[in-house]
Amino acid sequence: MTQQQQTINPVRVSVSVGLDQKRCFEVFTDEMTSWWPASHHIGEAPIDKIIIEPFVGGRWYTRHTDGSETSTGAVTSYDAPDHFTVTWQIGADWEFHEDFLTTIEVRFTATDDGRTLVELEHRGLEAYGDDAARMKETFEGPDAWGGMLTLYKNVAEAAG
Amino acid sequence: MTNAHTILTALGDPTRQAILDLLLDGPQPVGELAAQLPVSRPAVSQHLKVLKEVGIVVDRQEGTRRVYRVDPDGLVPLRTYLEKFWQRAMVAFVQYAENQYAEDKYADADAEKQPHKEDDR
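Residues numbered from 1 in each chain as written. Chains lettered and ligands numbered in written order. Predicted model: local features only at pLDDT ≥ 70, side-chain atom pairs only at ≥ 80, totals over all residues.

A few words now on the overall build of chain A. The secondary structure content of chain A amounts to five helices and seven strands. Along chain A, helices and strands appear, N-terminal first, in the series β-α-α-β-β-β-β-β-β-α-α-α. When each of the 160 residues of chain A is scored for burial, the buried share is 28%. If you take every contact in chain A between residues at least 6 apart in sequence, the share linking residues at least 24 apart comes to 42%. (Helix = DSSP H or I, 4+ residues; strand = E, 2+ residues; numbered from the N terminus. Buried ≥ 20, exposed ≤ 12 C-beta atoms within 10 Å, placed from the backbone. Contact = placed C-beta atoms within 7 Å.)

Counting its secondary structure elements, chain B contains five helices and three strands. Starting at the N terminus, the α and β elements of chain B follow one another as α-α-β-α-α-β-β-α.

Residues and elements named next belong to chain A. Taken in spatial order, the seven strands line up as E1-E7-E6-E5-E4-E3-E2 in an open sheet, and their pairing is antiparallel. Strand pairing shows two members of the sheet lacking a second neighbour, strand E1 (11–17) and strand E2 (47–52), which therefore form its edges. Neighbouring strand axes in the sheet, compared pairwise and without regard to direction, differ in orientation by 20° on average. Judged from the seven bridges that link them, E1 and strand E7 (residues 116–123) form a sheet pairing that is antiparallel. (Pairing = 2+ DSSP bridges. Axes fitted to C-alpha atoms, helices over the stretch in contact; angles between N-to-C directions.)

With that settled, the discussion passes to unusual backbone geometry. A cis amide bond links Ala80 of chain A with the next residue in sequence, Pro81 of chain A, at an omega value of 0°. You can see Pro81 of chain A is positioned in the loop between strand E4 (69–79) and strand E5 (83–88).

What follows is about the nonpolar core. If you look at the biggest cluster of nonpolar residues, it comprises 24 residues, and the most contacted ones within it are Cys24, Phe28, Val86, Val106, Val118 and Leu120 of chain A together with Ala97 of chain B. Secondary-structure elements contributing two or more residues to this core are E1, helix H1 (21–30), E5, strand E6 (102–110) and E7 of chain A together with helix H5 (76–120) of chain B. At five residues, H5 of chain B tops the list of elements feeding residues into this core. Formed by 13 residues, the second largest nonpolar core is a distinct cluster that contains Ile19, Leu20, Leu33 and Val54 of chain B. (Core = buried A, V, L, I, M, F, W, Y, C linked by C-beta atoms within 7 Å.)

Turning next to the sheet that holds strand E3 (residues 65–70) of chain B. By definition, the strands of a sheet pair up through backbone hydrogen bonds, in either a parallel or an antiparallel sense. Residue and element names in this part refer to chain B. The three strands are arranged E1-E3-E2 in an open sheet whose pairing can be described as antiparallel. The open sheet has two edge strands with one neighbour each: strand E1 (28–29) and strand E2 (57–62). Across the face of the sheet, helix H2 (residues 14–23) comes into contact with E1, E2 and E3 while running at roughly 95° to E3. Packed on one face of the sheet, helix H4 (residues 41–53) meets E2 and E3 and runs near 115° to E2.

Moving on: the pairing of E6 of chain A. All names here are of chain A. Judged from the six bridges that link them, E5 and E6 form a sheet pairing that is antiparallel. In the strand pairing of E6, Trp88 is matched with Thr102. Taken together, the eight bridges between E6 and E7 define a ladder with antiparallel strand orientation. By the bridge assignment, Phe108 is partnered in E7 with Val118. In textbook terms, the turn of a hairpin is the stretch between consecutive antiparallel strands, and for E6 and E7 this stretch comprises five residues, one of which, Gly114, has a positive phi near 85°.

Turning next to the confidence of the model for chain A. All names here are of chain A. For chain A, per-residue confidence averages 78 on the pLDDT scale, and 69% of positions sit at 70 or higher. Mean pLDDT across the secondary structure elements of chain A bottoms out at helix H5 (residues 144–159), with 44, and peaks at E5, with 96. Ignoring residues within four places in sequence, the model shows residues 1–6, a span with pLDDT below 50, making 13 contacts including any to other chains. Counting interchain partners and residues more than four positions distant, the pLDDT-below-50 stretch residues 132–160 has 49 contacts. (pLDDT = per-residue confidence, 0-100.)

Structural data, given as structure tokens:
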């Protein structure tokens, strides 16, 4: 459906961090477990460690306390300490999908005041709309509406 | 702008879920939708009106018939959700990163302070 191929503006968030660029990059990637909002994970068990393998083709995944692993995406560029891109393959049903692709790019730029500007862009969001078949599946599955409503509920709570 | 609670409420109805489901296959006029559902055509129109009001469905006149389709802008709440999610994540990152950094700095400051204290005595 052509109307589904409309581009959705990327989500862009930037922050200034009181760390030098190298350290900032390291903390963001190596210590993601420490700062990632703990309530946001897709596995059954709590997060043990979030891992971004530091090379192109590496995995971005979470190891849970029960030993299970959940994938988030793959590393598509890795250029420390300047930037990296990873895929975010979490669909509208809040599950990982091999063939569902959105992209997250994170840039680290040293600023004159000795701080670092961190810019995050989450793009390719039209995949959520493109993937009408997947959404249809989502809607038809046994937990279909549960999943979708949970998503909307999250939206609601975030908005509230 | 539609708030997420309104969308939730609109989607709480099984007939409206079924209509959305059918529309995800492609745009359709009321008559075709009604033919596939166990409810009357006026009832389908009524449900479409609700879906339109919350911004999930849009319609367009095509010759003699009015065709309904899913509106990709209905995904706006999802974008909003992701935006809030990343904002929260980035704030958490800054807090963690700067706390770590601040601890280092205080450690240095304390180390410098210590000799001064000794001097004062």
